[in-house]
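# Structural description and commentary
Residues per chain are reported as follows:
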Amino acid sequence: MSSNKKTIIISVIAIAIFVAVISYASYAFYTTTIEEKGAGGISGSTAKFSTTFDDGEEINKIMIPGDSITKTFSIENNGTDISYRIVINDLVNEFISYQDITYTLKENDTILEENEIFPNDANQNELSETRTLKNGERKTYTITITYNNTEVDQREDMGKTISGKLFIKEL
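Below: a short report on this structure.

Cut-offs used in this document
- Residues numbered from 1 in each chain as written.
- Predicted model: local features only at pLDDT ≥ 70, side-chain atom pairs only at ≥ 80, totals over all residues.
- Heavy atoms only, no water.
- Helix = DSSP H or I, 4+ residues; strand = E, 2+ residues; numbered from the N terminus.
- Contact = heavy atoms within 4.5 Å.
- Pairing = 2+ DSSP bridges.

## Description of the environment of S83
With respect to the secondary-structure elements, S83 resides in strand β6 (residues 82–93). In the structure, S83 is positioned 51 residues away from K134 in sequence and 8.8 Å away in space, judged by C-alpha atoms. Excluding residues within four positions of it along the chain, S83 makes contact with T130, R131, T132, K169, E170 and L171.

Structural data, given as structure tokens:
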């Protein structure tokens, strides 16, 4: 094999190794670490903050009038101050009487939001206003989603489901 071919092959291999090392380092820096916690809990973190869901971030329930779903989660910041919103991704709300579905978002025992859960529009997925978490701070939230029992006939919503994933959107 000629000297030029060897040089080209060695150069291609060196460039491939360089690209692989840089890609791996970038991927490691930006990825979120997800680990299973007992009883379906999920914990995730980035270089700035971590989120722990006591019983998973998934919401998926067929509801009957009077039913509630409660999810508790914590956010901890180990970096610079961050701004964020609590959102629900992959939203599916099958209820025709969506106004009967309400939610209450609390930080500890303080009510932050009390509202209709969301119209049948996946673009309306923000559950909180912009919040700030300072370095070294930890906040615990509870969201309760309720299918209110009204005096109106609710049979058209029998067997309907609300589903989605709670998510912390960094701004």
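Now that the structure is up, let's keep going.
## With respect to the pairing of strand β10 (residues 138–147)
Bridge count between strand β5 (residues 68–77) and β10: 9 bridges; the pairing is antiparallel. Across the sheet, the residue bridging to F73 is Y141, located in β10. Bridge count between strand β7 (residues 101–107) and β10: 7 bridges; the pairing is antiparallel. By the bridge assignment for β10, Y103 is matched with I145.

Limitation: the analysis is restricted to geometry and does not speak to function.
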